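Structure at a glance
Residues per chain are reported as follows:
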Amino acid sequence: MDKIVSLSKRRGFVFQSSEIYGGVEALWDYGPLGSLLKNNIKNEWLKRFVRTRDDIVLIDSACLMHSDVWKASGHLEHFTDPLVECKGCHKRFRLDKIVNPKSEIQNPKCPDCGGELTAPRQFNLMFKTFLGPVEDEAHATYLRPETAQSMFTNFGIIQESMRLKIPFGIAQIGRCFRNEITTGNFIFRSREFDIAEIEYFVKPGDDEKWFDFWVGEWEKFFLDLGLKKENLRKYEHSKEALSHYSKRTVDIEYKFPFGWSELAGIANRTDYDLKRHSQFSGQDLSYYDEEEKKKYYPYVIEPTVGIERIVLALLCDAYTEIEGGRTKTTKPTKEIEILLKLDKKIAPIKVAILPLVKNKPEVTKKAKEVYQLLKPYFTCQYDETDSIGRRYRRQDEIGTYLCLTVDFESLKQNDLTVRDRDTMQQERIKIKDLTEALKEKLKN
Ligand code: GAP
């Protein structure tokens with residue numbers, strides 16, 4: 001994990017928020033490469049679940065909602081973790097993270113100093129804030145801890161305006177906020193993060209079939225992002241551990257360096273949310289089924305995932321160390337080369353353009369022309385500093401899929417070498433054919 005954290009900072013993927021002030025726990029900033037990586041993940045999700053499907057529509061709703069939403073959703077009552085504090089060192093912990101609920105231990109001690117702990121109290125994870133200048137209860141509301149609720153409160157408007165028929169889904173990617181007690185493990189448990197979720201509305205009775213369908217789709221999605229099969233598994237929640245709204249929940253777990261942990265989830269939320277919002281708002285959110293000629297509250301299957309958890313899983317999965325190095329231009333060395341084997345559709349930089357030397361204007365001019373030629377089509381990087389070997393290594397470390405080298409031969413032949421990140425094979429391609437050739441190589 002330390003290696004991933006260090007690479008992320010060194011290469012501009014992720015770093016601590018407000019670092020010059022000492023940083024803030026569980027708040028992270030995504031740098032130039034991290035932002036591209038996140039966007040590539042979001043784009044794959046949008047392509048798979050919105051753009052190529054006829055039954056799912058996308059929305060983008062506000063992070064702040066009417067405070068009654070959180071009463072109706074059950075978050076005010078149930079979105080809590082048991083908090084204990086050490087009477088000695090005053091550190092706070094989630095009780096369920098320091099004792100196994102089934103364990104016999106009656107009086108757990110502080111995991112840091114062994115001190116006595118306070119009795120647990122339920123701590124709500126939502127961030128409270130105020131709408132407008134007056135800070136009283138009448139103006140209080142919460143930053144959303146999930147994107148789901150606006151897909152329920154807007155169910156009627158969306159269904160009618162888009163003339164959607166059951167089964168159909170509403171999808172959204174958006175910022176969520178949780179005042180986590182237990183932090184650590186880098187970006188795994190952040191206090192601010194992006195959730196991508198789908199609320200898929202189905203006929204009651206069809207929900208179990210659709211649940212299984214979405215488990216399958218979800219697994220396929222993560223495999224297609226390039227995660228290794230052996231690092232993914234399913235985990236079925238026990239009845240006692242289900243959230244207040246769920247009839248069944250399956251997590252997709254990833255084998256992170258700190259152990260198997262939740263990457264994503266699928267829940268059968270039943271008709272809980274639509275019924276509760278109908279009840280609390282006084283607006284009927286039921287659905288009229290024209291085929292069946294009857295009204296009902298649809299059941300909801302919810303595949304959900306935090307984008308940051310995908311980022312972490314992808315970085316862990318792709319991180320490869322090669323002892324002694326593999327770049328031909330490097331002299332035999334004990335050095336360890338790092339290769340980030342991200343899938344080509346996920347890699348933040350697709351193509352690096354490298355002039356063989358920096359001090360020959362004809363070579364750098366040609367390389368810059370190639371860079372300008374390719375920029376409209378691919379996410380490219382131009383790099384001329386350091387030796388060619390070091391530049392290859394730098395690009396390997398960030399997962400750049402193709403490295404293009406403009407050399408002296410290029411000036412005569414009007415071509416360049418294209419090096420594949422994984423096989424390191426090089427081929428010469430004419431510049432006039434380059435755009436089409438790279439499109440082919442980068443095709444999914
Ligand atoms: N609407 C359902 C829902 O919010 P959840 O399991 O609480 O379910 C959804 O969260 C997903 O968000 C999780 O599967 C996980 O990927 C991600 N997630 C949850 N808490 C997170 C945190 N503190 N930091 C980063 N990602 C988180």
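A word on the overall build of the chain. Looking only at helices and strands, the chain features 14 helices and 23 strands. The principal-axis extents of the C-alpha atoms in the chain amount to approximately 75 × 65 × 50 Å. Within the chain, residue pairs in contact and separated by at least 24 positions form 65% of the contacts whose partners lie at least 6 positions apart. For the chain, the accessible surface area stands at approximately 22000 Å², while carbon and sulfur atoms represent 49% of it. Positive and negative side-chain charges of the chain, numbering 72 and 70 respectively, have mean locations separated by a distance of 5 Å.

The next subject is the site of the ligand. Of all residues adjacent to the ligand, which total 20 residues, the nearest are Glu146, Glu180, Glu197, Glu262 and Leu263. Take Leu263: an N or O atom from its main chain is 2.7 Å from an oxygen atom of the ligand. Surface burial for the ligand is 91%, taken as the share of its 550 Å² of free accessible area covered by protein chains. Among the elements of the structure, strand 10 (192-202), strand 13 (259-270) and strand 16 (299-306) are those that each provide at least two residues to the shell around the ligand. Considering every element that reaches the shell around the ligand, the biggest residue donor is strand 13, with five residues. Partitioned by chemical class, the residues of the shell around the ligand number seven nonpolar, four polar and nine charged.

On to the pairing of strand 12 (residues 248-256). The buried count for strand 12 comes to seven of nine residues, which makes it a mostly enclosed element. Both strand 11 (residues 232-236) and strand 12 contribute to a ladder of five bridges, which runs antiparallel. Bridge assignment links Glu236 to a residue of strand 12, and that residue is Val250. Sheet analysis places strand 12 next to strand 13, joined by nine bridges and oriented antiparallel. Considered in strand 13, the bridge of Val250 is made with Ile266. Hairpin geometry of strand 12 and strand 13 is characterised by an intervening segment of two residues between the two adjacent antiparallel strands.

This part covers the side chain of Gln159. Topologically, Gln159 is positioned in helix 7 (residues 155-161). Among all residues touching Gln159, those that are not within four sequence positions of it are Leu164, Phe168 and Tyr287.

Here we come to the packing of helix 2 (residues 32-51) against helix 8 (residues 207-224). It is the contact of helix 2 with helix 8, at a shortest axis distance of 11 Å, that shows an interaxial angle of 145 degrees. In the crossing of helix 2 with helix 8, the sense of the turn from one axis to the other is right-handed. Of the residues in helix 8, those touching helix 2 at Glu44, Trp45, Arg48 and Phe49 are Trp214, Glu217, Trp218, Lys220, Phe221 and Asp224. Looking at side-chain class alone, the contact of helix 2 with helix 8 contains five nonpolar, no polar and five charged residues.

This next bit is on the side chain of Thr270. Locating Thr270 in the fold gives a position in strand 13. Assessed through its relative accessible area of 12%, Thr270 is described here as buried.

Applying the stated criterion across every chain yields a total of 23 aromatic pairs. Measuring from centroid to centroid gives 5.9 Å for Phe49 and Trp214, while their planes differ by 50 degrees, and the two rings are tilted. Of this pair, Phe49 sits in helix 2 while Trp214 sits in helix 8, and the two are 165 residues apart along the sequence. Comparing Phe49 with Trp214 shows no difference in burial state: the two are buried.

Below, the discussion takes up the environment of Ile173. With respect to the helices and strands, the residue Ile173 is situated in strand 9 (residues 168-177). The buried category is assigned to Ile173, whose relative accessible area is 17%. In this structure, the C-alpha to C-alpha distance between Ile173 and Leu312, residues 139 residues apart in sequence, is 18 Å. Residues within four places of Ile173 in sequence aside, it is in contact with Lys42, Trp45, Leu46, Ile195 and Ala196.

With respect to burial, helix 12 (residues 388-397) is a largely interior element, nine of its ten residues being buried. Taken together, the buried positions of helix 12 are Ile388, Gly389, Arg391, Tyr392, Arg393, Arg394, Gln395, Asp396 and Glu397. Downstream of helix 12 by one or two residues, Gly399 has phi in the positive range, about 85 degrees.

So, on to unusual backbone geometry. Residues Ile166 and Pro167 are joined by a peptide bond in cis, for which omega reads 0 degrees. As for its position among the elements, Pro167 is in the loop between helix 7 and strand 9. Here Ser18, not a glycine, exhibits a phi torsion of approximately 55 degrees, which is positive. Tracing the backbone shows Ser18 in the loop between strand 1 (14-16) and strand 2 (28-30). A residue is classified by how much of its surface remains accessible, and Ser18, at 33% relative accessible area, is partly exposed.

In this section: the packing of helix 11 (residues 361-374) against helix 14 (residues 434-442). Remark: helix 11 packs on helix 14, axes separated minimally by 10 Å, with the N-to-C direction vectors making an angle of 60 degrees. Taken together, the axes of helix 11 and helix 14 lie oblique to each other. Pair helix 11 / helix 14 crosses with right-handed handedness. Residues Val370, Leu373 and Leu374 of helix 11 pack against Leu434, Thr435 and Leu438 of helix 14. Within the contact of helix 11 with helix 14, the residues separate by chemical class into five nonpolar, one polar and no charged.

Once that is clear, we can look at the sheet that holds strand 19 (residues 351-355). Strand order in the open sheet made by the five strands is 20-19-21-22-23, with mixed pairing throughout. Strands with a single pairing partner mark the edges of an open sheet, and in this sheet they are strand 20 (380-382) and strand 23 (426-430). Going across the sheet, the axis of each strand differs from the next one's by a mean of 25 degrees, ignoring polarity. Note that strand 19 and strand 20 share three bridges and pair parallel. Across the sheet, Ala352 pairs through a bridge with Gln381, a residue of strand 20. Helix-sheet contacts for helix 12 involve strand 19, strand 20, strand 21 (402-406), strand 22 (415-420) and strand 23, and the interaxial angle to strand 19 is about 170 degrees.

The rules behind these values
Residues numbered from 1 in each chain as written. Predicted model: local features only at pLDDT ≥ 70, side-chain atom pairs only at ≥ 80, totals over all residues. Heavy atoms only, no water. Helix = DSSP H or I, 4+ residues; strand = E, 2+ residues; numbered from the N terminus. Contact = heavy atoms within 4.5 Å. Areas by Shrake-Rupley, 256 points an atom, 1.4 Å probe, with all protein chains shown as cover. Lys, Arg positive; Asp, Glu negative; His and termini not counted. Charge placed at Lys NZ, Arg CZ, Asp CG, Glu CD. Near = heavy atom within 4 Å. Polar contact = N/O pair within 3.5 Å; in protein donor to acceptor, adjacent residues only side chain to side chain. Nonpolar A, V, L, I, M, F, W, Y, C, P; charged D, E, K, R; others polar. Buried < 20%, exposed > 50% of the residue type's maximum accessible area, 1.4 Å probe, protein only. Pairing = 2+ DSSP bridges. Axes fitted to C-alpha atoms, helices over the stretch in contact; angles between N-to-C directions. Left-handed = near helix turned anticlockwise from the far one by under 90°. Phe/Tyr/Trp six-rings, centres within 6.5 Å; stacked < 30°, edge-to-face > 60°. Parallel < 35°, antiparallel > 145°, perpendicular 65-115°, else oblique.

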